[in-house]
Amino acid sequence: MNFKPHLQSRKRKEPARYRRYRGFRFPLASRKGRQRQAASGRGRDSATTGEAVPGNTRSPKAPRSIQELLTKADVRAVSVICATACLSLFLLEFVGSDATYSHLFPPSAHEPDPYWVLRIKAWWVLWIVISFVVIPVIAMLCTRSKLLRECNLSFRGLVQHFWIYVGLFVAVFPLIWLVSQTSNFYTYYPMYQDAGRSWRDLLMWEGMYAVQFIALEFFFRGFLVGGLSPTIGVLSVPVSVMPYMMLHFTKPAPEAAASVVAGLVLGWLAWKYKSIWGGVCIHCAVAVSMDLLALSHKDQLPWVHR
């Protein structure tokens, strides 16, 4: 009797997931396993040839030279950021200064204005908003770039990591209290010297102070760090610290030195968690604490003298 046709029919009915070798059956890899093996093989081929393969999630190689960096960088975006930053800092220094306001709107000798000094501070805050928010946003919209999406404006980073900023404020507050004991500190702060005259003065000043901190964080930790990070990565943080420290040259020396550390820490947090709002919160908390401590040392708190 011939069994060959019977054996051939059994071979045809053998499941596709097994293969025979010398009378034994070996399981084949699953469909997903074969897909993973094929993907890994394509990844190795792309690594040797340097060509990108669809579906390969490996990140591109980092540039090894300045020439390679400039070749791969978005030169247009970097140029827009640098030019806008120079224009913004120039306008704030020479147009938003107290001297400019005094020249344009000198005080009246016949009708003294008790809020003339507060108007000077409002002029300063106005030009901070124009220089650090309005001009960068106009530049980004005019170039039709995606820079506005990179400005670290997400609230998720603040909500998920709010405890980090609370810890930073708790760690910094003892240093603020020690520095507040010096005469250089409480003669400089509050920057609006009549802030302790009344509740109205204090609240108006602190409100304007908070607005300028929002603009400050948007410019340095949003526009600079967020805009430059797609090109130079985390190096955008120390780049943003340099002009940030220069803004503190008119302030007491300990605060100017501390601005470098604060700029690095807040810049890194904004870069990592894609949010500037934690920096806004800690800046406002530190500023209010400094003003209240300075007013308490001078016995000028609004609820003390009525």
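What counts and what doesn't
- Residues numbered from 1 in each chain as written.
- Predicted model: local features only at pLDDT ≥ 70, side-chain atom pairs only at ≥ 80, totals over all residues.
- Heavy atoms only, no water.
- Salt bridge = Lys/Arg side-chain N within 4 Å of Asp/Glu carboxyl O.
- Buried < 20%, exposed > 50% of the residue type's maximum accessible area, 1.4 Å probe, protein only.
- Phe/Tyr/Trp six-rings, centres within 6.5 Å; stacked < 30°, edge-to-face > 60°.
- Helix = DSSP H or I, 4+ residues; strand = E, 2+ residues; numbered from the N terminus.

Participant: Explanation requested: the pattern of salt bridges in the structure shown.
Facilitator: A side chain of one charge can pair with a side chain of the opposite charge if their charged atoms are brought near each other. In this structure the tally under the stated criterion is five salt bridges. Residues Arg197 and Asp201 are paired through a salt bridge, measuring 2.7 Å at the closest nitrogen-oxygen approach. Arg197 sits in the partly exposed class, given a relative accessible area of 35%. With relative accessibility at 0%, the residue Asp201 sits in the buried group. Across the pair Lys251 and Glu255 runs a salt bridge, and its minimum N-O distance is 3.6 Å.

Participant: So what exactly am I meant to see when it comes to the packing of aromatic side chains here?
Facilitator: Describing an aromatic ring pair means giving the distance of the ring centres and the angle of the ring planes. Scanning all chains against the criterion turns up 19 aromatic pairs. Ring geometry for Phe169 versus Phe173: centroids 5.9 Å apart, planes at 45 degrees, classification tilted. One end of the pair, Phe169, and the other, Phe173, are both in helix α8 (residues 162-179), four residues apart, so they sit about a helical turn from each other. Residue Phe173 is classed as partly exposed on the basis of its relative accessible area of 31%. Where Phe220 meets Tyr244, the ring centres are 5.3 Å apart and the plane angle is 70 degrees; that geometry is what we call edge-to-face. Taken as a pair, Phe220 in helix α10 (residues 199-232) and Tyr244 in helix α11 (residues 236-246) lie far apart in primary sequence, 24 residues in all.

Participant: What should I look at first to understand unusual backbone geometry in this one?
Facilitator: The phi angle of most residues is negative, glycine excepted, and most peptide bonds adopt the trans form. For the bond from Tyr189 to Pro190, the omega torsion is -10 degrees, close enough to zero to count as cis. Along the chain, Pro190 falls in the loop between α9 (183-188) and α10. The phi dihedral of Lys274 is positive, around 60 degrees, even though this residue is not glycine. Relative to the helices and strands, Lys274 is located in the loop between α12 (253-273) and α13 (277-297). Phi angles above zero are rare outside glycine, and Asp299 is one such case at about 55 degrees. When you line up the elements, Asp299 lands in the segment after α13. Its relative accessible area of 58% is what places Asp299 among the exposed residues.

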